[in-house]
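Analysis of the macromolecular model
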Amino acid sequence: MVKTISLVILSVLLLSSSLGSATATETKQSQEEVQRMYEQWLMENRKNYNALGEKERRFNIFKDNLKLIEAHNSVPDRTYELGLTRFADLTDDEFRAIHLRGKMEVTSDPVIGDRYLYKEGDVLPDKVDWRDEGAVAPVKDQGDCGGCWAFSATGAVEGLNKIKTGELVSLSEQELMDCDREGDSGNFGCLGGSAANAFEFIIENGGIVTDKVYPYTENDTAACKAIEMVTTRYVTIDSYEDAPHNDEMSLKKAVAHQPISVMVEAENMKLYKSGVFTGPCDHWYGNHNVVVVGYGTTERGEDYWIIRNSWGANWGESGYLKLQRNFHNSTGNCGVAIRPVYPLKSNSSFGLLLSPSMFKLGVLFVLIGWALL
Ligand SMILES: *[C@@H]1O[C@H](CO)[C@@H](O)[C@H](O)[C@H]1NC(C)=O
Ligand SMILES: *[C@@H]1O[C@H](CO)[C@@H](O)[C@H](O)[C@H]1NC(C)=O
């Protein structure tokens, strides 16, 4: 730790001394180069600031972020790299306010299942990647909306549904955003929520429809649209439960069976580009819902979780982050193991075939057929 800090200080000193006295910025590049990088970044990220002075104000934040990125990346032997992500014009406070809306509170008492409780002698695979099994839908983008909880919930249900039925169906976050927000649902659209509360809704609602019929609009004031389930695809779950809390080995066992919803403290993931993220982050709480879709170990021996995020495919490693695994505290790094939660589904509960309305329709057709004979 001390070594890392002194290396940071050393590299910052080296950087600033190599710039000489003429430059006002402490970035590697000249002011003009940084300006060019900014213009290019604005274009690539389709940024358009309307307010007077906003572009200049954002430029200063961009420069601060660039400095931080360069200081971090110049440290030898770092396990991960930072980069000019789409959030490079935001301060940490702004980023937290807009994007980190995961809620630790849940409306009903957690039921902790023991099916994934790690026991001495359990043999688990060294690596798991549900993407290789086709159980992970393409990375989605929650936009400037704190709806991470909805994306975490759909991700876990999509994975489970693929495992149980063989089909990967991309599900509707907007249905959760619009319909799972009344009264004591515990979810608040773009202002946050929890995956567990979303599973509760999916069970009570009799399923969740696809994002094809109910697409994501990022609209936080849209009314709940009643989708007629008789005529559309939807996916059901039977129940949900927590994996044992604060136990990375049990989380490993759980992830070996299905993608798992977790929360992480994600403030410093803002500029994450690649590699195994080791923090700094707080490990005693979470503020962002994501899905763990696998785990593994790098060639250098670093254990990691594969985190599927919902910040689009041009953040991190094509939308994913590798998070340090086997942390010194049982909470897991960034709190990943505090409270994992997952949906459950029996092999046969296939929404389209077994829904009550489909069953009634089937009975009707049989009766009509019989009457015609
Ligand atoms: C969001 O939905 C509401 C209600 O349907 C509508 O009035 C409003 O125009 C929508 N906003 C956007 C930005 O689409
Ligand atoms: C783990 O973290 C929690 C919360 O910060 C702390 O109370 C506890 O003492 C830590 N445990 C260990 C073994 O470091």
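Whatever comes next refers back to the structure up there.
Position labels on residues start from 1 in each chain and follow its written sequence. Chain letters start at A and ligand numbers start at 1, both assigned in the order the entries are written. With pLDDT at 70 or above as the cut-off, local features in this predicted model cover only qualifying residues; side-chain atom pairs require 80 or more to be listed or tallied, and sums for whole chains, interfaces and linings still use all residues. To obtain the side-chain values, all non-hydrogen atoms of the structure were used and water was disregarded.

1. Some words on the packing of aromatic side chains
Two aromatic rings from Phe, Tyr or Trp, using only the six-membered ring of Trp, form a pair when their centres are within 6.5 Å; if the ring planes differ by under 30 degrees the pair is stacked, by over 60 it is edge-to-face, and anything between is tilted. Enumeration over the complete set of coordinates arrives at 15 aromatic pairs. Ring plane angle 55° and centroid distance 4.9 Å describe the contact between Tyr-116 and Tyr-342, whose orientation is recorded as tilted. Highlighted residues: Tyr-116 in the loop between α4 (92-99) and β2 (128-129) and Tyr-342 in strand β11 (residues 341-344), separated in sequence by 226 residues. Three or more aromatic residues joined by ring pairs form one cluster here, namely Tyr-80, Phe-87, Phe-95, Tyr-272, Phe-277, Trp-311 and Trp-315. The criterion for a charge sitting over a ring is simple: Lys NZ or Arg CZ within 6 Å of the ring centre, and within 35 degrees of the ring normal. Sitting above the plane of the Tyr-320 ring, Arg-131 keeps its charged end 4.2 Å from the centroid. Directly above the aromatic system of Tyr-304 lies the positively charged group of Lys-322, at a separation of 5.4 Å from the ring centroid. Each helix is a run of DSSP H or I of at least 4 residues and each strand a run of E of at least 2, with the numbering of both proceeding from the N terminus.

2. As for the layout of surface pockets
Cavities and pockets were defined on a 1 Å grid built over protein atoms only: a cavity is a set of grid points that admits a 1.4 Å probe from which the probe cannot escape, a pocket is an open set flanked by protein on both sides within 12 Å along at least five of seven lines, and lining residues are those with an atom within 4 Å of any such point. Grid points are joined across faces, edges and corners, and a volume is the space filled by probe spheres set on the points. Considered as a void within the structure, the second largest pocket measures approximately 380 Å³ in volume. Those elements giving two or more residues to the lining of the second largest pocket turn out to be α3 (54-73) and α4. Under the convention adopted here, Pro, Cys and the residues Ala, Val, Leu, Ile, Met, Phe, Trp and Tyr are nonpolar, Asp, Glu, Lys and Arg are charged, and Gly plus all remaining residues are polar. Residues belonging to the lining of the second largest pocket are distributed by class as follows: four nonpolar, four polar and nine charged. Residue ranges for the domains trace back to a domain assignment, done automatically or taken from a database. Two domains share the lining of the second largest pocket, each providing at least three of its residues, namely domain 1 (2-77) and domain 2 (99-344).

3. Focus: the site of ligand 1
Near, as used in this document, describes a residue that has one of its heavy atoms within 4 Å of the molecule or strand being considered. Surveying the vicinity of ligand 1 reveals the residues Asn-219, Thr-221 and Ala-222. Interatomic distance of 2.4 Å between a side-chain N/O atom of Asn-219 and an oxygen atom of ligand 1. Protein chains bury 27% of the 360 Å² of accessible surface belonging to ligand 1 in isolation. Any pair of N or O atoms that falls within 3.5 Å is considered a polar contact. Within protein, one atom must be able to donate a hydrogen and the other to accept it, and sequence-neighbouring residues count only if both atoms are side-chain atoms. Note that accessible areas follow from Shrake-Rupley with a 1.4 Å probe, and for residues the cover is restricted to the protein chains shown.

4. Points about the site of ligand 2
Taken together, the neighbourhood of ligand 2 is formed by His-283, Trp-284 and Asn-329. The side chain of Asn-329 places a nitrogen or oxygen atom 2.3 Å from an oxygen atom of ligand 2. For ligand 2, whose accessible area on its own is 370 Å², the fraction buried by protein is 33%.

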